[in-house]
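Survey of secondary and tertiary structure
Spelled out from the first residue to the last, the chains are:
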Amino acid sequence: MRVLIVGGGGREHALAWGVSRSPGCDALFCAPGNAGTALLLRETGLGGNLPVGAEDVPGVVAAARAQAIDFVVVGPEAPLAAGMADALCAAGVLAFGPSRAAAEIESSKWFAKRTMREAGVPHAAGESFADPAAAHAFIVETFPDGGPVPVIKADGLAAGKGVIVPASMAEAHAAVDDLLGGRFGAASATVVVEERLTGMEASAMALVDGETVLPLPLSCDYKRALDGDRGPNTGGMGVYSPPGFLGSDAWSALLDSIHRPVARRLRETGRPYRGLLYGGLMVDDAGAARVIEFNCRFGDPEVQVLLPQLRSDLLALLLACAEGRLESARPEWSGEAAVGVVLASGGYPGAYETGHRITGLDAVDPGVLVFHAGTALDAAGEVVTGGGRVLIVVGLGPDLATARERAYANASRIEFEGRHYRTDIAAREL
Ligand code: AMP
Ligand code: GLY
């Protein structure tokens, strides 16, 4: 089978690594990929990167035809929200990832909230507004001074920057004006004002083939740039799996109260969901979980610590999902713990430099994985930095302490100018 993976981040390098190990994979391409996928595809002789942007729907369809691709795995949310899965389907190419209509579970926060409300799924309650005066009045009526400050969100996709967690009521009102004032264009023409939840966050991912919901191991990511959850929000600075505060029995119960009702509701309303359904959960002190948001694709960096735990065939699993055969799928997981530490460019998530040589990639211990995110090959064929999040180093082990030790011992050997990483990933579990 000839496979194309759409995207160029750490998630897509991990997916490409997993698919490249599947016996059914005869050829593999990434659009556009990164230095990690270029090296992987060259070393395995399976294919290469294609110069097509991840959001270029006609370009990806044309590339799939030109390379006689049988199966396209769409990594990021933006092309799914733009209808890439629908366009591939119309062109007769099998795709992993939801239709545009089903992807609204991520691309419209208000649609997600309505769906959860209708399906009786526990979530952060809120309302949507296009009129600033109505939003301000709602905040004043619903969130008394001195109590918890609401969270303000752009309804649409805003490249991860559309969620504002204000420190004061004044900041909440200012966020409403900023977003409705056109901050993210059409994506913030509507805002959602919602109650603020507290507790521990967990990433709850399951494959859904329209009917059957199949869980993946739980994980936790770290969004803030600096140790102790300080500093600005990022795309994710590290991740571990599994969380100690949410066991497998709790996860089974959550599938019945969250993922299955949402999948059923989407099916009943004519938007059958096929792909990866990611629930971002807040778990309170009593262990009760509520949904903060849904994503319509694998979490990044979460999937980078999940795929190394998969003992069975990834390509077969993704195909079973896309073809509606999950009921008979029995993926095998190693049951290990995994910790991923992101190495970022100096200054990220603010301005940063690119083009710095990366050393130490060959000094990594066997069994430790390094997935590339923002990397490129320079004219001499050397790996250089090309983005904010550069690499993720994944350690595995029988427990989180061992996995963490392996991740950090290896992360410290990889260097580039300005490199920084958090030193407290998974520390709270020890
Ligand atoms: P993003 O990944 O950019 O959507 O960021 C969302 C992050 O904002 C979550 O991971 C939470 O840390 C925080 N957040 C979003 N909604 C809420 C909420 N209702 N209550 C508390 N924190 C929230
Ligand atoms: N790690 C969070 C996300 O993928 O949205």
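Refer to the structure presented above.
Residues numbered from 1 in each chain as written. Chains lettered and ligands numbered in written order. Predicted model: local features only at pLDDT ≥ 70, side-chain atom pairs only at ≥ 80, totals over all residues. Heavy atoms only, no water.

Around ligand 2 sit D221, Y278, N295, R297, G299, D300, P301 and E302, and those are all the residues in its vicinity. D221 is positioned such that a nitrogen or oxygen atom in its side chain is 2.7 Å from a nitrogen atom of ligand 2. A class-by-class count of the residues in the shell around ligand 2 yields two nonpolar, two polar and four charged. (Near = heavy atom within 4 Å. Polar contact = N/O pair within 3.5 Å; in protein donor to acceptor, adjacent residues only side chain to side chain. Nonpolar A, V, L, I, M, F, W, Y, C, P; charged D, E, K, R; others polar.)

The subject of this paragraph is unusual backbone geometry. With an omega of 0°, the peptide bond between S241 and P242 qualifies as cis. Residue placement: P242 occurs in the loop between β13 (230-241) and α10 (248-268). With omega at 10°, the peptide bond leading from Y348 into P349 counts as cis. In this fold, P349 is placed in the loop between β16 (337-344) and β17 (369-372). For A426, which is not glycine, the phi torsion reads 70° and is therefore positive. For A426, the location among the structural elements is in the segment after α13 (400-411). Relative accessible area serves as the criterion here: at 0%, A426 is assigned to the buried category. (Helix = DSSP H or I, 4+ residues; strand = E, 2+ residues; numbered from the N terminus. Buried < 20%, exposed > 50% of the residue type's maximum accessible area, 1.4 Å probe, protein only.)

Turning our attention to the packing of aromatic side chains. The final tally for this structure, using the stated rule, is seven aromatic pairs. Seen in terms of ring centroids, F138 and F143 are 6.1 Å apart; in terms of plane orientation they differ by 80°. Their pairing is edge-to-face. For F138, a relative accessible area of 17% corresponds to the buried category. When the centroid spacing of 6.2 Å and the interplanar angle of 50° are considered together, the rings of Y222 and Y240 count as tilted. Here Y222, found in strand β12 (residues 220-226), pairs with Y240, found in strand β13; they are 18 residues apart in sequence, far enough to count as distant. Neither residue differs from the other here; Y222 and Y240 are each classed as buried. By way of ring pairs, the aromatic residues F129, F138 and F143 are connected into one cluster. (Phe/Tyr/Trp six-rings, centres within 6.5 Å; stacked < 30°, edge-to-face > 60°.)

Read across the open sheet, the four strands follow the order β6-β9-β7-β8; overall the sheet is antiparallel. Both outer strands of the open sheet, β6 (126-129) and β8 (163-164), are each paired with one neighbouring strand and no more. Where helix α7 (residues 109-119) meets the sheet, it contacts β6, β7 (151-154), β8 and β9 (191-194), and its direction lies at approximately 140° from that of β6. Each of β6, β7, β8 and β9 touches helix α9 (residues 169-180); the most contacted strand, β7, lies at about 5° to it. (Pairing = 2+ DSSP bridges. Contact = heavy atoms within 4.5 Å. Axes fitted to C-alpha atoms, helices over the stretch in contact; angles between N-to-C directions.)

Below, the discussion takes up the site of ligand 1. Taken together, 15 residues form the shell around ligand 1, and within it E194, E195, L197, E201 and K223 come nearest. The backbone of E195 places a nitrogen or oxygen atom 2.9 Å from a nitrogen atom of ligand 1. Take K223: an N or O atom from its side chain is 2.9 Å from an oxygen atom of ligand 1. When the free accessible area of ligand 1 is taken as 490 Å², the share hidden by the protein chains comes to 86%. (Areas by Shrake-Rupley, 256 points an atom, 1.4 Å probe, with all protein chains shown as cover.)

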